[in-house]
Amino acid sequence: MKYVLIIGDGMADTGLAQLNGKTPLEHLDLPHFNILAGGEHGTARTVPEGVPAGSDTAILNIFGYDPRKYYSGRSVLEAAGVGVLLKEGEVSFRVNLCAVEDGIMLSHNGGGIEGDEAETLMQDLIAHPDFAAVAGKIALQITVSRTFRHVGVIDAPEAGEFILKEPHNILGEPWQDYLPKGALCNELTDLMLASYRILDQHPINIARRQRGQLPANVIWPWGAGRAAQLPSFPEKYHHAGAVISAVPLVWGIANLAGLPFPQVEGATGDLDTNYEGKVNALLQALKEGDDFAAIHVEAPDEMAHAGDLEKKLEAIRRLDRLVIAPLLEKLPEIDPDFRILLLSDHPTLLTTRTHDGNPVPYAIYDSRKPGQPRKFSESMATQGPALENGDLLMPRLFDQV
Ligand SMILES: [Zn+2]
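Predicted model only: the values in this text are computed from it and were never measured. (Residues numbered from 1 in each chain as written. Predicted model: local features only at pLDDT ≥ 70, side-chain atom pairs only at ≥ 80, totals over all residues.)

1. Here's the deal with the nonpolar core
Side chains that are nonpolar tend, in soluble globular proteins, to be buried together.
Point 1. Ranked by internal contacts, the top residues of the largest apolar core, which has 122 residues, are I6, L36, I253, L282, A293 and L341.
Point 2. Composition of this core by domain shows at least three residues from each of domain 1 (2–71 + 231–397) and domain 2 (90–226).
Point 3. Among residues more than four places away in sequence, those in contact with L36 are I324, I340, L342, A363, Y365 and F376. (Core = buried A, V, L, I, M, F, W, Y, C linked by C-beta atoms within 7 Å. Buried ≥ 20, exposed ≤ 12 C-beta atoms within 10 Å, placed from the backbone. Domains from an automatic or database assignment. Contact = placed C-beta atoms within 7 Å.)

2. Describing the sheet that holds strand β10 (residues 243–244)
Point 1. With respect to topology, seven strands assemble into an open sheet ordered β10-β11-β1-β12-β15-β2-β16, the strand pairing being mixed. Looking at the sheet topology across the chains shown, the edges are occupied by β10 and β16 (386–387).
Point 2. Sheet analysis places strand β2 (residues 40–44) next to β16, joined by two bridges and oriented parallel. Bridge pairing links A44 to L387 in β16. (Pairing = 2+ DSSP bridges. Helix = DSSP H or I, 4+ residues; strand = E, 2+ residues; numbered from the N terminus.)

3. A short note on helix α6 (residues 115–127)
Point 1. Relative to the 18 Å expected for 13 residues at 1.5 Å per residue, α6 spans 18 Å between its end C-alpha atoms, a close match to the ideal helical length.
Point 2. Taken as a whole, α6 has its buried residues at A118, L121, M122 and L125. On an axial view of α6, the arc spanned by its buried residues comes to 90 degrees, and they lie on one face. Within α6, the exposed residues directed more than 90 degrees away from the buried face are G115, D116, Q123 and A127.
Point 3. Looking at the packing, one finds that the buried side of α6 touches β3 (90–101), α7 (129–137), β5 (141–143), β6 (149–155), α8 (185–199) and α9 (203–210). (Expected span 1.5 Å × (residues − 1). Arc of directions from axis to C-beta.)

4. Comments concerning the pairing of β6
Point 1. Burial of β6 is extensive: six of the seven residues sit out of reach of the surface.
Point 2. Pairing of β3 with β6 involves seven bridges; the strand directions are antiparallel. Looking across to β6, one finds that N96 is bridged to R149.
Point 3. Alignment of β5 against β6, held across three bridges, turns out to be antiparallel. Following the sheet pairing, I142 is matched in β6 by G152.
Point 4. As consecutive antiparallel partners, β5 and β6 are separated by five residues.

5. Quick look at the domain arrangement of the protein
Point 1. Segmenting the protein into domains produces domain 1 (2–71 + 231–397) and domain 2 (90–226).
Point 2. Taking the mean C-alpha position of each, domain 1 and domain 2 sit 32 Å from one another.

6. Structural notes on the environment of E119
Point 1. Within the secondary structure layout, E119 lies in helix α6.
Point 2. Spatially, the C-alpha atoms of E119 and S145 are 6.2 Å apart, while their sequence positions differ by 26 residues.
Point 3. Discounting chain neighbours no more than four positions away, the residues touching E119 are V144 and R146.

7. Quick look at the pairing of strand β12 (residues 338–343)
Point 1. With six of six residues buried, β12 lies mostly within the body of the structure.
Point 2. Neither face of β12 is left uncovered, since the one carrying F338, I340 and L342 and the one carrying R339, L341 and L343 both have all their residues buried.
Point 3. Here six bridges tie strand β1 (residues 2–8) to β12, and the two strands are oriented parallel to one another. Considered in β12, the bridge of I7 is made with L343.
Point 4. Relative to strand β15 (residues 360–366), β12 is paired through five bridges, and the arrangement is antiparallel. Bridging across to β15, L343 finds its partner in Y362.

What follows is the structure, encoded as structure tokens:
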């Protein structure tokens, strides 16, 4: 028996005027979603009431870790995703490279900076004596990536609450109005101002401006969190296997849960991600003896944040055609008996371009009793079981309840 979890990030939505009141899932013709909905099709509250809605809290819960108990900040999970496991007393931050011009926050991702440019800017910043002097005061260690997302860790067992604004929530506003408050606010502010002085006229940013791109000219710490420990997934469920995703957050949850998270070339988290490579990585893991595997597709969420209906629809179509279809075709060659759990981690609303904490539709398909295909959608799901908390999903996938 094989068990597969498929997460379409942010797929679920509310009815939209442009779709005659239907949601994207209701509007689309998704034959392979519908095959899966032939099994159990219900709703699950993946984000407990009172908990902020996000992939961090929702996916933790889906893997069986109630965020009310196990969530200690997004950056802790992202740090684990790049191999940084916090020790007792340490605090992690997400460190973004942002773009500011004329005092205004223009981009929370440094104008989409990536690759050598992102890495070089960060390395040059860290090596700069002015920055090193400020960072040294709080013994800041930064783990650099080839994107706008980096991870900072400090040792601060006594520090109180950090009050740090998310840079994506202050787009178009004067950035210096949102400098850190709370614990270590002076040190963190000095760090940000030093980064601006060093990066603003860096040759890479001068060249970016000449090409009409935004500069990545200030670092922005946010999402502070302290060490988290998760009970082992293999011990909890007696099943184990690979988690396939493009995003550090999901790798981090896998890492802390004791599951491997193989990296797939060309997996970007965007609409044109390497679907085939991800599906093949999942199938390969199952062939090699794992009995569980998970695949996470980020694109529907990103397209909803961008407010782009057409692209959100296309992201969901591609999940149907490029992920679920080949899985339904190839899984029987590995094992005729398999169960698949398909769901949206949380709704991401095109109307507000943000996450929502309402229950999501899910389907659990069993190859031994497939049932008749039916529409997979928010409305159809309300006719099935209503799971009060998302941590009930994994035991259901594994047929343990
Ligand atoms: Zn999102």
